[in-house]
Amino acid sequence: MPIYWSNLSADELANLTNEQWAELVVDPLVSGDLSLSVAVVYREDSAESLEFATYYADKHGIDHAMLVPVPCTGDEILSSYAAFQTQIENPLIDFLADEYGLTARIIIVGYGVPGGFHHSGNIISTTSRLSRIHHTFDPGMSNPLFARQRFKRYDDDDADIAIIASRIDAPTLALAKSIVNNMRLTARQGVVNGKIYFDPLAPTVDEAEEAYQAELLDFEAQVLPVLNIPSYKTTFWDEYTDVVIPKVSADSFMWSWKADRAGYTFFKEKTTARVFLYNGDTDGAESVRDPLDKRWPMLALNAGYAATAGAMSDPLPEGLLRPKPFFDALFRGASIGEAFLFAVPNLDWTITLFGDPLLTVKFPTAEVLLDGYTSASGFNLMGQHLQSAIAYYLEREEAYIDIFNIINDTDSVEVITQTMPAFTSLANGVIAETKGVFSRLVTEYTKFPRGAGSLPQFLFERGDKISRLLPLISPSASVPTAFLFDFGYWQFEDEIQHPVSDFAKYTFILKIATDDLFTVGSTILTLDTSVSTAGWYYEKESNQFVEIPQGGILSSFAGRRIRYVSPETHYFDERKVYYARIWQENEFSETTPTRTFKQVVGT
Amino acid sequence: MITIGDYISIACALERADLLQSDAANSLVSMQNVLSSTRASDGKILALRNEIEQVRDKIALQRSQPLQNAVAAVQSLQRHVERYYGSVNSFLADNSVKVSPFFASLSLEAGYEIAAANIGSSCIS
């Protein structure tokens, strides 16, 4: 009976007997039968290639029907895409359309199978092309799964966009098998127990390189602390010097860039689980079969790393692997294969994943990455809804007073004498009811976000404000005027949508009308971020809003929020009910479905 | 005698008041949804959730039965119309006016059934 790795805690893993360990199955996928999810490609006229494929399959409990022979040569790089199609792609397409291949979501490019092909001056990675095997070859296409800001595990919908593909190759069959064993040893470790060596610093020559370096530093600030593992970081020397990591020991990860080659002595003794190494160079993955070449991927796998990645030819700075989505996914329980697919900007391109994509690791931390609202962000958003509820209720009072006034203003004595007592009772019954209904709720709301400090202090520290309606309901919300929204201020908030699978960049169109049908003449405001982004913000990091860039928002931000904050010129009447329609348009002039909202000015 | 214009205004204002109460309840649901996704201490979340639920319960109770003051007001209005016009349904038909289903239900509660022919759509689009 197989034992599934993901079902076990770190302690349970550490206490497995050798017999149990032999039965351990690493199951990184959220659903599906692993034995039929992984296709292992081997060279049909190579006994060693078949031996490796069988070895890998047996270690993972993969059905032998998923071993796919392809009629390829022993070359590491094929001469053209046509040759690649004949030798690898077309036979694999036939297999994937077959009874067993239909369920394949992961492809292992096995020992001795070509790792890439020449195309227009680049070397396209076999794994990158195979990720898009269900789609037309489109060199350097933007990866639709790249850097999704709202994390979700890889699923069938994602598999329709890109398959997880990895390569396991080495100078010898024995070394290739040892890569599989490395993964199992790493899995047995249970929890990451080594350091991350992180080298974000290198001389930059253009804006693209500066942008990449900025992303590395952003990872260092935002995600690295959450991983809760010790780190070694390079420090800045001068703008001309590429400060490199001199050597690594007790390491579990390494992420660097621009250091083209290393040596066997770079990796010191292996006392820790070596999980993943990436160096952002331009040709490290061109060969993993030459032991004398000293390229990073080959050295990393040889040093016991379970997985690594590298470029077969220059991916350009824009195409380098990104650490933030990679570690964010890994931290949340994704496998190496998933994390790689979420972190590689381009497909049908030059970057290759090496090693075992099925590996998942656990980090030594009690902290959990949450996608919900911080208390400050939740306070702000709840305040919008609370002030709306109060505004609606006050408008309800107003409606009853209107009724009273109709009776009161009539010229008919009969109407007044016969109906006034009942309508007076009706009006008296609801006047000031809002205060009674909401008083305790407002009081509790004002206590919600703060510790020992006062509400004004909290609002000051957060740069936040509350509605003017709240102090009317409860004295607990009495704050200086500076912490109250202006009369007529409003803001609109929605979630960024991305209903199609292609990568896209969106602008936003918001229409405000006085009726829900948006009849002619009822539209009072139209905003289009392709014309002006003034007042528009998006949630770049969780709960952190920044101004929308002129060019639009990438589809990878789907699930994050967008916000329009009204300037004084767009203030509406107090408690005015209005309707908002919003839709998005991408660079291909495709639009998302329109979403309609009813809102009230709660200030 | 009340004018047909004032009669329609009253009927529509009553419906509007009811809808605004429903909108308030929906806003509280949204607030509660945000709260359930907000990171805070269990005690604070529980205290705020209790208050939201109490207000929601209060509104739900009010909406489950017509506001008695509203029913009494509609009753006095329909009695007035009946006294001077003979019947509410004739008053509406002769003025080619259809009231909303909401107002018709209030009227029924007040003891004045409005014929289906005199019931139209909501005042509020």
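Before any of the text, the structure's been laid out above.
Residues numbered from 1 in each chain as written. Chains lettered and ligands numbered in written order. Predicted model: local features only at pLDDT ≥ 70, side-chain atom pairs only at ≥ 80, totals over all residues. Heavy atoms only, no water.

Draft legend 1. Summary view of the nonpolar core. Tyr56, Phe253, Trp255, Phe267, Phe276, Phe327 and Phe363 of chain A are the most contacted members of the largest nonpolar core, which totals 118 residues. Here this core takes seven residues from helix H4 (residues 81–96) of chain A, the largest share from any one element. When sequence neighbours within four positions are dropped, the list of residues in contact with Trp255 of chain A reads Tyr197, Phe198, Asp199, Tyr212, Leu216, Phe276, Tyr278, Leu321, Arg322, Pro323, Phe326 and Phe327 of chain A. Phe379 of chain A together with Leu28, Leu35 and Ile59 of chain B belong to the second largest nonpolar core, which has 42 residues in total. (Core = buried A, V, L, I, M, F, W, Y, C linked by side-chain atoms within 4.5 Å. Buried < 20%, exposed > 50% of the residue type's maximum accessible area, 1.4 Å probe, protein only. Helix = DSSP H or I, 4+ residues; strand = E, 2+ residues; numbered from the N terminus. Contact = heavy atoms within 4.5 Å.)

Draft legend 2. Broad picture of the packing of helix H1 (residues 4–36) of chain B against helix H5 (residues 101–109) of chain B. Residues and elements named next belong to chain B. Relative to each other, H1 and H5 sit at 100°, their axes nearing to 9 Å. Considered as vectors, H1 and H5 are oriented roughly perpendicular to each other. The segment H1 lies against H5, with Tyr7, Ala11, Leu14, Glu15 and Asp18 engaging Phe102, Phe103 and Leu106. Here the residues of the contact of H1 with H5 sort into six nonpolar, no polar and two charged. (Axes fitted to C-alpha atoms, helices over the stretch in contact; angles between N-to-C directions. Parallel < 35°, antiparallel > 145°, perpendicular 65-115°, else oblique. Nonpolar A, V, L, I, M, F, W, Y, C, P; charged D, E, K, R; others polar.)

Draft legend 3. The interface of chain B and chain A, seen in detail. Counting residues at the interface gives 46 residues for chain B, matched by 53 residues for chain A. When chain B packs against chain A, the two sides together hide about 4,200 Å² of surface, and 66% of this comes from carbon and sulfur. Linking chain B with chain A are three salt bridges. When contributions to the side of chain B that touches chain A are tallied by element, the ones reaching two or more residues are H1, helix H2 (42–64) and helix H3 (68–85) of chain B. Its residues placed into classes, the side of chain B that touches chain A shows 26 nonpolar, twelve polar and eight charged. (Buried area = accessible area lost by both parts, 1.4 Å probe. Salt bridge = Lys/Arg side-chain N within 4 Å of Asp/Glu carboxyl O.)

Draft legend 4. Fine view of the sheet that holds strand E22 (residues 544–547) of chain A. Residues and elements named next belong to chain A. Pairing in this open sheet of four strands is antiparallel, and the strands run E18-E24-E21-E22 from one edge to the other. Two strands bound the open sheet, and with one partner strand each, they are strand E18 (491–495) and E22. Averaged over all adjacent pairs, the angle separating strand axes in this sheet is 30°, with direction ignored. Where E18 lies against strand E24 (residues 561–565), five bridges are found, and the strand directions are antiparallel. Paired with Glu493 across the strands is Arg563, a residue of E24. (Pairing = 2+ DSSP bridges.)

Draft legend 5. Focus on the state of the cysteines. Residues and elements named next belong to chain B. On inspection of all chains with the given rule, the structure shows one disulfide over all chains. Linked covalently through their sulfurs, Cys12 and Cys123 form a disulfide whose S-S length is 2.1 Å. The S-S bond linking Cys12 to Cys123 shows a torsion near -75°; that makes this disulfide left-handed. Taken together, the residues span a long stretch of sequence, with Cys12 in helix H1 and Cys123 in the segment after H5 at a distance of 111 residues. Taking the relative accessible area as the measure of exposure, Cys12 reaches 23% and is therefore partly exposed. (Disulfide = S-S within 2.5 Å.)

Draft legend 6. Examining unusual backbone geometry more closely. Residue and element names in this part refer to chain A. The backbone phi angle of Ala432 is positive, close to 70°, even though this residue is not glycine. On the secondary structure map, Ala432 appears in the loop between helix H14 (413–430) and helix H15 (433–447). In this model, Ser589 sits at a positive phi of 65°, which is unusual for a non-glycine residue. With respect to the secondary-structure elements, Ser589 resides in the loop between strand E25 (577–586) and strand E26 (595–600). With relative accessibility at 54%, the residue Ser589 sits in the exposed group.

That is the geometry; function is a separate question.
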